[in-house]
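# Survey of secondary and tertiary structure
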Amino acid sequence: MQLMNVIKDNLAFVQQRIASACQKAGRETDAVKLLLATKTVSAENIKVALAAGANLIGENKVQELKEKDAELRETGVDRHFIGHLQTNKIKDVLKYVSCIQSVDRLDLVQKLDARLQSEGRSVDIMIQINTSFEASKFGIHPDEALTLLEAAARYDTLNIKGLMTIGLFDADPERIRPSFRLLRQISQHAMDAGILPADARELCMGMSGDLETAISEGATMVRVGTAVFGKRLYPDSYYWKE
Ligand SMILES: *Cc1c(COP(=O)(O)O)cnc(C)c1O
């Protein structure tokens, strides 16, 4: 009971943070979607957030999608994949998600297409870019992003929705800002060059600690875990590997 209320209150507070960041940036409040990053969170606790108005979640591991599927499928919640995707998990991940945000290499693009062709369907994707230049993080190098986008755009099975990044890890938002700005610039550049379709405007960036900065740099979707569900047991780098 207690935890239920904590999740609800936290969610309301995050929604408030998003609204005031939008206001500050002169953007409409509904210009930014909230995705709840639910790694390690039980289906039961996810359902508390759904009952309180959340409608989009992201998972990092195919195994967790699978474990929570029976309970979550019936809610109709929209699920995205936000973790590192190994090609041998493609078939499984496609059973659960509407969007794969972490597409970051050509061989993944090709293998996704092959699987989708055999299923006669398509899936939404985002291209994940490593805007912090940290070797430990996933995402394609910014210099190679346009080439990957161009390649992905050739496949009818992949509906490109936009770009995703994790950004620099730092307590100081001003040191994180260049990561978010870079993502927006790459998006703009790709649109100007006609590589990104005009409707692929999604900029998925910003987490619990830096969502205000991301929104001021144009985020259309933020991914929030800790600020709603509390601290996790393991460091994030653990979940970023499949
Ligand atoms: C866990 C995670 C988040 C959310 O991070 P918090 O700091 O808990 O809000 C966002 N994006 C990705 C890819 C994640 O793995």
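Residues numbered from 1 in each chain as written. Predicted model: local features only at pLDDT ≥ 70, side-chain atom pairs only at ≥ 80, totals over all residues. Heavy atoms only, no water.

What follows is about the overall build of the protein chain. Looking only at helices and strands, one finds ten helices and eight strands in the protein chain. Here the protein chain has a C-alpha radius of gyration of 17 Å; the compact-globule value for 242 residues is 18 Å, and the two agree. Projecting the C-alpha coordinates of the protein chain onto the three principal axes gives extents of approximately 50 × 40 × 30 Å. Partitioning the contacts of the protein chain with sequence separation of at least 6, the portion at a separation of at least 24 is 60%. (Helix = DSSP H or I, 4+ residues; strand = E, 2+ residues; numbered from the N terminus. Rg over C-alpha atoms; globule rule 2.2 N^0.38 Å. Contact = heavy atoms within 4.5 Å.)

The next subject is the environment of Leu146. Along the chain, Leu146 turns up in helix H6 (residues 142–153). You can call Leu146 partly exposed: its relative accessible area is 22%. Sequence separation between Leu146 and Ala52 is 94 residues; the distance between their C-alpha atoms is 39 Å. Beyond its immediate chain neighbours, meaning those up to four positions away, Leu146 contacts Ile186, His189, Ala190 and Ile195. (Buried < 20%, exposed > 50% of the residue type's maximum accessible area, 1.4 Å probe, protein only.)

So, about the pairing of strand S3 (residues 78–81). Pairing between strand S2 (residues 56–59) and S3: four bridges, direction parallel. Of the residues in S3, the one forming a bridge with Leu56 is Asp78. What joins S2 to S3 is helix H3 (residues 62–73), and the crossover it makes is right-handed. (Pairing = 2+ DSSP bridges. Right-handed = clockwise from strand over helix to strand, strands pointing away.)

Across the two faces of S2 the burial is the same, with Leu56 and Gly58 and Ile57 and Glu59 all buried. Sheet topology places strand S1 (residues 33–37) next to S2; two bridges connect them, and they run parallel. Residue pairing for S2: Ala37 is matched across the bridge by Gly58. In this view, the connection linking S1 to its parallel neighbour S2 by way of helix H2 (residues 43–51) has right-handed handedness.

Right, let's get into H6. A rise of 1.5 Å per residue sets the reference length of H6, with its twelve residues, at 16 Å; its end C-alpha atoms lie 17 Å apart and thus fit the reference within 8%. By the burial criterion, the buried members of H6 are Pro142, Ala145, Leu148, Leu149, Ala151 and Ala152. Buried residues in H6, looked at end-on, bunch into an arc of 160°, giving them a common side. Counted as exposed and oriented over 90 degrees from the buried face of H6: Asp143 and Thr147. (Expected span 1.5 Å × (residues − 1). Arc of directions from axis to C-beta.)

For the rest of this paragraph, the subject is the UniProt feature "modified residue: N6-(pyridoxal phosphate)lysine" (unreviewed entry) in the protein chain. Taking the UniProt record as the reference, the feature "modified residue: N6-(pyridoxal phosphate)lysine" (unreviewed entry) is found at Lys39. Structurally, the position occupied by Lys39 is in the loop between S1 and H2. (UniProt positions renumbered as here; feature names shortened; annotations may be inferred.)

What follows concerns unusual backbone geometry. Despite not being glycine, Thr40 shows a phi value in the positive range, around 70°. Note on placement: Thr40 falls in the loop between S1 and H2.

For helix H1 (residues 2–24), with 23 residues, the first-to-last C-alpha span of 33 Å sits near the 33 Å given by 1.5 Å per residue. Buried within H1 are the following residues: Ile7, Leu11, Val14, Arg17, Ile18, Ala21 and Cys22. Elements that come into contact with the buried residues of H1 comprise S1, H2, helix H8 (211–216), strand S8 (221–224) and helix H9 (226–229). Looking one or two residues beyond H1, the residue adopting positive phi is Gly26, at roughly 70°.

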